[in-house]
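Examination of the molecular architecture
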Amino acid sequence: MTSITSTGPVESFDPAACLDRLASRTADAVRELGRGGAVVAISGGVDSGVVAGICVRALGPDHVLCLRLPERDAASESSDIGLELANALGAKTVEEPITEALEALGCYRRRDDAIRRVFPDYEPDWRHKLVRSRPTGGVIVFSLVVERPDGTEEQRRMPPDAYRELLAASNMKQRTRKLLEYTWADRLSYAVAGTPNLLEYDQGFFVKGGDGLADLKPIAGVYKGQVYALARRLGLPDSVASRYPTTDTFSLPQTQEEFFFGHPYEQMDLLMWGHQEGVPPAELAPRVSLEANEVEAAYREIERKRVATEYLHAPAVLVDPAD
Amino acid sequence: MTDGNSDIRKDMRAFIEENFLYLRPDVELSDGDDFLALGIIDSLGFVELVEEVQSRYAIAIDDVEITEENFGSIDAITGFVEGKRAAA
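Residues numbered from 1 in each chain as written. Chains lettered and ligands numbered in written order. Predicted model: local features only at pLDDT ≥ 70, side-chain atom pairs only at ≥ 80, totals over all residues. Heavy atoms only, no water.

So, about the packing of aromatic side chains. In total, this model carries 14 aromatic pairs over all chains according to the counting rule given. Consider the rings of Tyr201 of chain A and Phe206 of chain A, whose centres lie 6.5 Å apart with planes at 20°: the pair is stacked. Arranged with centres 5.0 Å apart and planes meeting at 50°, the rings of Phe71 of chain B and Phe80 of chain B form a pair that is tilted. Exposure class is identical for Phe71 of chain B and Phe80 of chain B. Each is buried. Feature note: the residues Phe142, Tyr163, Phe205, Phe250, Phe259, Phe260 and Phe261 of chain A constitute an aromatic cluster, connected by ring pairs. One cation-aromatic arrangement involves Arg72 of chain A over Tyr108 of chain A; the distance from NZ or CZ to the ring centre is 4.2 Å. (Phe/Tyr/Trp six-rings, centres within 6.5 Å; stacked < 30°, edge-to-face > 60°. Buried < 20%, exposed > 50% of the residue type's maximum accessible area, 1.4 Å probe, protein only. Lys NZ or Arg CZ within 6 Å of the ring centre and 35° of its normal.)

Here is the structure:
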């Protein structure tokens, strides 16, 4: 944890007022969309937990469906935590395991093929994850980590074609989950509530047509530390309100910073906030326990990620729109 | 400028034009232009460049060498490859 004590996105945050505002606007959004409630895919993490809590506050528990969508590589306790959350909120909940669908679509086969480009002797029972290089503000290099049956880990750089193949395969998980969210939304005439927080939305940490697809995104303007404050304010179960963010996508435990952000969320919140507020790197540095040049690098990476992920945010281009 | 130097420039320019500029006829790339600043090559593109340099010139490249200083422009790549060859 960093030694941040003065102003920042969490210190000046009023969770009660924010909850009132988000609940009111969520109710307005669902009404304007002409839907009768909201579907929220709950992963057991704090973001989806808070979105479910906001939807329940906005629409009432009878108008919120919490979908639990477990999958082979996700943490085994995630669905149970989701059930605990839905029960605590009094919302409806359904479990739809997606492993068989992913098997039939070839998700795991495609993933294994990609991994064998880097580790030819890889077997499907080896656990694995993707990790990024240390943030420099410049080039990010991705490596694959595998855990061999004897418990030893090995890390090798991923060639771009293998990286894309692996990512395309793992993105099938988020897209399959979204298919089921819209299936239930159609069935109940509900809207789909997405769960990206400010860091994820701003930096493009989502799958286009997967977790990036939704009818409303209640916490896309909320910093991660603020999301935790909302979770406490909502009285969410401790298993959700204090759960550390993971990707829950690869079979080895993987934090969001080692895959994408490069810094823990507490630092990332402040770096993003400092960048937004124009705080000079030398001034922010001691508050995030980094050197000024590391803050400069983080600012550069924030800007470059925005440019690099513009495609993920872009709506379909109407090539020849009607006048 | 040595023949080797000009070959590296020619090879890298051809690779970059074919792989990163085929839909960017508006970009006129000079040997000193910064790929990242111009937005024509992202991080994954850098690793593609690295793979190309590794296989074309039979050079082993460590992760820590994948930087803008070494791969950020045609000039940078040329200098990097020449340095590697001289050290071999």
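All names here are of chain A. At their nearest, the axes of helix α1 (residues 15-32) and helix α2 (residues 46-59) sit 8 Å apart, and the two run at 70° to each other. Here α1 lies roughly perpendicular to α2, going by the angle between them. Crossing hand, α1 versus α2: right-handed. Contact residues: Leu19, Asp20, Leu22, Ala23, Thr26, Ala27 and Val30 in α1; Ile54, Cys55, Arg57, Ala58 and Leu59 in α2. Partitioning the contact of α1 with α2 into residue classes produces nine nonpolar, one polar and two charged. (Axes fitted to C-alpha atoms, helices over the stretch in contact; angles between N-to-C directions. Helix = DSSP H or I, 4+ residues; strand = E, 2+ residues; numbered from the N terminus. Parallel < 35°, antiparallel > 145°, perpendicular 65-115°, else oblique. Left-handed = near helix turned anticlockwise from the far one by under 90°. Contact = heavy atoms within 4.5 Å. Nonpolar A, V, L, I, M, F, W, Y, C, P; charged D, E, K, R; others polar.)

The next subject is the environment of Ile61 of chain B. Relative to the helices and strands, Ile61 of chain B resides in the loop between α3 (43-57) and α4 (68-71). Classification of Ile61 of chain B as buried rests on a relative accessible area of 6%. Separated by 24 residues in sequence, Ile61 of chain B and Arg85 of chain B have C-alpha atoms that sit 12 Å apart. Beyond its immediate stretch of four places on either side in the chain, Ile61 of chain B contacts Arg157 of chain A together with Val50, Val53, Gln54, Ile66, Phe71 and Phe80 of chain B.

Our focus in this paragraph is the domain arrangement of chain A. Residues and elements named next belong to chain A. Domain annotation for chain A reports domain 1 (15-103 + 167-311) and domain 2 (108-166). Each side of the interface is counted separately: domain 1 has 29 residues, and domain 2 has 23 residues. A buried area of about 2100 Å², summed over both sides, lies between domain 1 and domain 2, and 54% of it is on carbon and sulfur atoms. Counting across the domain 1 and domain 2 interface gives 19 residue pairs in polar contact (both at pLDDT 80 or more). Top element by residues in the side of domain 1 that touches domain 2 is helix α6 (residues 160-188). It accounts for six residues. (Domains from an automatic or database assignment. Buried area = accessible area lost by both parts, 1.4 Å probe. Polar contact = N/O pair within 3.5 Å; in protein donor to acceptor, adjacent residues only side chain to side chain.)

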